[in-house]
Amino acid sequence: MSTCTTPKTAITDRHWLALAVLLVGAFMALLDTTIVNVAIPTIRTSLAASNATLSWIVSGYSLAFGLALIPAGRVGDRLGHKWVFIAGLSLFTVASLACGLARGDMQLIIGRAVQGLAGGMFFTPITALIQLMFSDRSRARAFAVLGAIIGFSVALGPLVGGLIIQASGADTGWRLVFDVNIPLGVLAVIAAVMLLPARAENADTATDWPGLVLLSAGLVALLTPLIQGQQEGWPLWTYASMAGAVGLLAVFALWERHVEKTGADPLVPPRLFTHASFTGGVLLALVYFAAFTSIFFTIALLWQAGLGHTALQSGLVLTPFAIGLIGGASQSDALAARFGRTVLVAGLGMVAVGITAVWLLLALTATTSYNGWQLVVPLLTAGVGSGLFITPNVDFIVATVDPGDAGAASGVIGTAQRVGSAIGIAIIGTVLFGTLHFSAGPNAVALAFGHSATLAMAASAGLSAAAFALVFALPKRTGMEPAGAGNRSPNVGLGRSSRNR
């Protein structure tokens, strides 16, 4: 597999306008990974949604997003990344409308899953199109702006969601959290048709559809009992489903070996996992994203459903994490180029310390005395650590495999990160809702949510500690060029495009 080289062309205003269109798409896709968290309690009340539904709303989006990343790159290579971007963004916009109009649990779950699938479809072409349109220093500038936009959108999500719900009221506000995508999506689709380059790069690229079906079925079979099991009392089918998931994933592994032996292009190349450090790095990506994305879910439910605060207050509580993430990310590339893996170790150490401190504060403070100021320092610490880790981590994991496999490795890592987010919400949701028991007396709701949120945060702290232990599997250096080199792409937690495969 060869690395793509883009011929040097004169960069015009049209190129930068096209980049702006791609940035709008990136903003929408990543904003929706976090903006919905503060809407979860109002959805719970408005739709009388079950606990399992709340977990599916978040994890279904992440799972579908991750599973779409790799095949979207392959299809883009064949048909043109412009048309995959347009198709994905159009579907995302329609799915957002469907979510905003949902009248019941299942409609919203399906809408979110389609929205996640569409998000994964149009996110992969963003990096591919930047590779096509820019070269050398202009490409580095474009990727730097993309990285900043993505970090900003992820961090800004809870606050934006809180502001929308505060301004529009609980019943209407959560719907507008989805509907805000519609005008942005329509304008971006029209602009994309006019501005983006249309050529396909490799008409012979094939997609491993049987592999995708096996992987998707295995992960759904695993997540369904994790999310539904507690609510339904762990009936026999939940254990059968988890056993079936193991079988499906085993068949998937065998199929991928078969595809690779035939000389075709497997969805997840088994040769990557002959590198022990890569295997550890993929596990690190999965565990880390399971740890940090789940804290938004826990805090939003505690602050709103448990303590009766508004969505805006919930978003403000999470703002220190957002500020820290943006600050850490802004310095992470330069620090990683200078200090190597030490920056990632420090970052994950800060995440583990911050999340553990949040857990201890919840455990040692009376529930009725909780306030946002107590969490400022722990969340700021965890946010800075996340910023230091998220941006350069893909480079360090990719450095464990052969250079010719860098693109395939990036795609696997991006999928692992999204799957980790889905699994994290499933686990944390099971802990939180499985221990939620109300008793008679004053402050019964607050006390019940305080107890359950403490246990859920303990699980997140455990996952963050496991991620810290796994970071030592990565190489001390990537061997990459210093930050700002022309062919680097933004490692913002989603991997590179298939263009480098």
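The rules behind these values
Residues numbered from 1 in each chain as written. Predicted model: local features only at pLDDT ≥ 70, side-chain atom pairs only at ≥ 80, totals over all residues. Heavy atoms only, no water. Helix = DSSP H or I, 4+ residues; strand = E, 2+ residues; numbered from the N terminus. Buried < 20%, exposed > 50% of the residue type's maximum accessible area, 1.4 Å probe, protein only. Contact = heavy atoms within 4.5 Å. Areas by Shrake-Rupley, 256 points an atom, 1.4 Å probe, with all protein chains shown as cover. Axes fitted to C-alpha atoms, helices over the stretch in contact; angles between N-to-C directions. Parallel < 35°, antiparallel > 145°, perpendicular 65-115°, else oblique. Nonpolar A, V, L, I, M, F, W, Y, C, P; charged D, E, K, R; others polar. Phe/Tyr/Trp six-rings, centres within 6.5 Å; stacked < 30°, edge-to-face > 60°. Patch = residues over 30% accessible without salt bridge, like charges linked within 9 Å, V, L, I, M, F, W, Y side chains within 5 Å. Salt bridge = Lys/Arg side-chain N within 4 Å of Asp/Glu carboxyl O. pLDDT = per-residue confidence, 0-100. Core = buried A, V, L, I, M, F, W, Y, C linked by side-chain atoms within 4.5 Å. Expected span 1.5 Å × (residues − 1).

Engineer: Would you mind going over the overall build of the chain in detail, with residue names and values included?
Structural biologist: Secondary structure summary: the chain contains 18 helices and 0 strands in total. Buried residues in the chain amount to 58% of all 501 residues. If you take every contact in the chain between residues at least 6 apart in sequence, the share linking residues at least 24 apart comes to 84%. Counting only carbon and sulfur atoms, one obtains 68% of the accessible surface of the chain, whose full area is about 18300 Å².

Engineer: Account for the packing of helix 4 (residues 81-101) against helix 7 (residues 170-179), with residues named and values stated.
Structural biologist: A pair of packed helices is captured by two measures, namely the crossing angle of their axes and the spacing between those axes. Where helix 4 contacts helix 7, the axes come no closer than 7 Å and their chain directions differ by 175°. Comparing their axes, helix 7 and helix 4 come out roughly antiparallel. Where helix 4 approaches helix 7, its residues Ser-96, Leu-97, Cys-99, Gly-100 and Leu-101 are matched on the opposing element by Trp-174, Arg-175, Phe-178 and Asp-179. Across the contact of helix 4 with helix 7, the residue classes break down as 5 nonpolar, 2 polar and 2 charged.

Engineer: Kindly report on the packing of aromatic side chains, identifying the contributing residues and their values.
Structural biologist: Tallied over the entire structure, the rule returns 18 aromatic pairs. Judged by centre distance (5.4 Å) and plane angle (90°), the ring pair of Phe-92 and Phe-122 falls under edge-to-face. Separated by 30 residues along the polypeptide, Phe-92 in helix 4 and Phe-122 in helix 5 (residues 105-133) bring together distant segments of the chain. The two residues Phe-92 and Phe-122 agree in class, both being buried. With 5.6 Å between their ring centres and 85° between their planes, Phe-468 and Phe-472 make a pair best called edge-to-face. Using a relative accessible area of 29% as the deciding quantity, one classes Phe-468 as partly exposed. By way of ring pairs, the aromatic residues Tyr-288, Phe-289, Phe-292, Phe-296, Phe-321 and Phe-389 are connected into one cluster.

Engineer: Could you give me a rundown of a nonpolar patch on the surface, with the residues and numbers involved?
Structural biologist: A cluster of nonpolar side chains, namely Trp-83, Val-186, Ile-190, Val-193 and Met-194, defines an oily patch on the protein surface of about 480 Å² accessible area. Top element by residues in the nonpolar patch is helix 8 (residues 181-195). It accounts for 4 residues. Among the structural elements, Val-186 can be located in helix 8. Val-186 gets classed as partly exposed once you look at its relative accessible area, which sits at 41%.

Engineer: Can you lay out unusual backbone geometry for me, pointing to particular residues and giving the numbers?
Structural biologist: The phi dihedral of Ala-48 falls on the positive side, at around 50°, and the residue is not glycine. Structurally, the position occupied by Ala-48 is in the loop between helix 2 (40-46) and helix 3 (51-79). Residue classification places Ala-48 among the exposed positions, given a relative accessible area of 62%. Backbone geometry at Asn-443 places phi at a positive 60°, although glycine is not the residue there. Here Asn-443 falls in the partly exposed class, since its relative accessible area comes to 46%.

Engineer: Run through the environment of Ala-448, naming residues and quoting values.
Structural biologist: On the secondary structure map, Ala-448 appears in helix 18 (residues 444-470). Distance from Ala-448 to Gly-306, taken between C-alpha atoms, is 7.5 Å for residues 142 residues apart in sequence.

Engineer: Talk me through the pattern of salt bridges; I want residue IDs and the actual numbers.
Structural biologist: In this structure the tally under the stated criterion is 3 salt bridges. With its nearest N and O atoms 3.6 Å apart, the salt bridge here joins Asp-32 to Arg-112. Taken together, the residues Asp-32 in helix 1 (residues 13-34) and Arg-112 in helix 5 connect sequence positions 80 residues apart. Given the relative accessible area of 0%, Asp-32 is considered buried. For Arg-112, a relative accessible area of 1% translates into the label buried.

Engineer: Account for the confidence of the model for the chain, naming residues and giving values.
Structural biologist: This prediction gives the chain a mean pLDDT of 86; 92% of its residues lie at or above 70. Below a pLDDT of 50 lies the segment residues 1-6, which in the model reaches 15 contacts outside its immediate sequence neighbourhood of four places, other chains included. Predicted confidence for residues 480-501 stays below pLDDT 50, and this span has 86 contacts to residues more than four positions away or in other chains.

Engineer: Report on the packing of helix 6 (residues 136-168) against helix 13 (residues 319-339), specifying residues and quantitative values.
Structural biologist: Helix 13 packs onto helix 6 with a crossing angle of 170° between their chain directions and a minimal axis gap of 9 Å. If you check the angle between helix 6 and helix 13, you find them roughly antiparallel. Across the interface between the two elements, Gly-151, Phe-152, Ala-155 and Leu-159 of helix 6 pack against Thr-319, Ala-322, Leu-325 and Ile-326 of helix 13. Taken together, the residues of the contact of helix 6 with helix 13 break down into 6 nonpolar, 2 polar and no charged.

Engineer: With reference to specific residues and values, describe the nonpolar core.
Structural biologist: Counting residues in each nonpolar core, the largest one holds 106 residues, and the members touching the most others are Ile-43, Leu-108, Phe-278, Tyr-288 and Leu-379. Ranked by size, the runner-up nonpolar core spans 36 residues in total, among them Leu-22, Ala-29, Ala-142 and Ala-188.

Engineer: A description of helix 15 (residues 376-390) should follow, citing residues and the corresponding values.
Structural biologist: Compared with an ideal rise of 1.5 Å per residue, which puts 15 residues at 21 Å, helix 15 spans 21 Å between its outermost C-alpha atoms and is within 8% of the ideal. Restricting attention to buried positions, one finds in helix 15 the residues Pro-378, Leu-379, Ala-382, Gly-383, Gly-385, Ser-386, Gly-387, Leu-388, Phe-389 and Ile-390. Buried positions along helix 15 lie against helix 11 (276-306), helix 12 (311-317), helix 13, helix 14 (341-364) and helix 16 (393-398).

Engineer: Go over helix 11 with me, naming the residues and quoting the values.
Structural biologist: When the terminal C-alpha atoms of helix 11 are compared, their 44 Å separation across 31 residues agrees well with the 45 Å that a helix rising 1.5 Å per residue should span. The element helix 11 is largely enclosed, with a buried count of 26 among its 31 residues. In the segment just after helix 11, Gly-308 is the residue with positive phi, at about 80°.

Engineer: Residues and numbers for the environment of Ala-352, please.
Structural biologist: When you line up the elements, Ala-352 lands in helix 14. A C-alpha to C-alpha distance of 8.3 Å links Ala-352 and Ala-467, two positions 115 residues apart in sequence. Other than its neighbours up to four places away in sequence, Ala-352 contacts Ser-464 and Ala-465.

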